[in-house]
Amino acid sequence: QVQMVESGGGLVQAGDSLRLSCAASGVTFSSYAIGWFRQAPGKEREFVAGITKSGRTTYYADSVKGRFTISRDNAKNTVYLQMNSLKHEDTAVYYCAAVEGWYPPKESNSYLYWGQGTQVTVSS
């Protein structure tokens, strides 16, 4: 049974940092590219960052480029999202998702496995 579990969300002030983690089980983790997505109330789910299955290449939405960093540790079956200089508009539920293959697409419907999400709230 495949499980993806996010953690690390919380309530912070604008300018603070958070690190989200996504732990996967039940899959050959190194065979999957991983994406982080977020969904704010009343908005569609959007791509935030993605990392190839090897971890060598990363991709970011323009809105987070330079502030967020995605990384992975295949030995620990875990992907991280380091979020710095948080803004109120980063408030959302954050999800990690896995897609088999090298490349992490920006389209959420390409992903096979999803976590339950973790809430990030940034007060202004």
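Structure first, text after, so check above.
Read on for an overview of the structure. (Residues numbered from 1 in each chain as written. Predicted model: local features only at pLDDT ≥ 70, side-chain atom pairs only at ≥ 80, totals over all residues. Heavy atoms only, no water.)

Re the overall build of the protein
Alright, step 1. Assigned secondary structure in the protein consists of zero helices and eleven strands.
Alright, step 2. Taken against the 2.2 N^0.38 rule, which gives 14 Å for 124 residues, the C-alpha radius of gyration of the protein at 13 Å falls within 12% of a compact globule.
Alright, step 3. Structurally, the protein occupies a C-alpha span of about 40 × 25 × 25 Å along its principal axes.
Alright, step 4. Residues classed as buried in the protein amount to 44% of the 124 residues present.
Alright, step 5. For the protein, the proportion of contacts with a sequence separation of at least 24, taken over those separated by at least 6, is 60%.
Alright, step 6. Of the charged side chains in the protein, 12 are positive and 10 negative; the average position of the first set lies 5 Å away from that of the second. (Helix = DSSP H or I, 4+ residues; strand = E, 2+ residues; numbered from the N terminus. Rg over C-alpha atoms; globule rule 2.2 N^0.38 Å. Buried < 20%, exposed > 50% of the residue type's maximum accessible area, 1.4 Å probe, protein only. Contact = heavy atoms within 4.5 Å. Lys, Arg positive; Asp, Glu negative; His and termini not counted. Charge placed at Lys NZ, Arg CZ, Asp CG, Glu CD.)

Some remarks on the environment of P105
Alright, step 1. In this structure, P105 sits in the loop between β9 (92-100) and β10 (113-114).
Alright, step 2. Separated by 47 residues in the primary sequence, P105 and T58 have C-alpha atoms spaced 11 Å apart.

A look at the layout of surface pockets
Alright, step 1. Estimates place the volume of the largest pocket at around 160 Å³.
Alright, step 2. Taken together, R38, Q39, A40, P41, K43, E44, E46, H88, E89, T91 and A92 make up the lining of the largest pocket.
Alright, step 3. Class assignment of the residues belonging to the lining of the largest pocket gives a composition of three nonpolar, three polar and five charged. (1 Å grid on protein atoms, 1.4 Å probe; cavity = no way out; pocket = protein on both sides within 12 Å on 5 of 7 lines; lining within 4 Å. Points joined across faces, edges and corners; volume = space filled by probe spheres on them. Nonpolar A, V, L, I, M, F, W, Y, C, P; charged D, E, K, R; others polar.)

Focus on the state of the cysteines
Alright, step 1. A complete count under the given rule lists one disulfide for this structure.
Alright, step 2. Each sulfur in the disulfide pair C22 and C96 lies 2.0 Å from the other. Taking the sign of the S-S torsion, 65° for the link of C22 and C96, the bridge is right-handed. Residue C22 is located in strand β3 (residues 18-25), and its partner C96 is located in strand β9; the two are separated by 74 residues in the primary sequence. When sorted by exposure, C22 lands in the same class as C96, which is buried. (Disulfide = S-S within 2.5 Å.)

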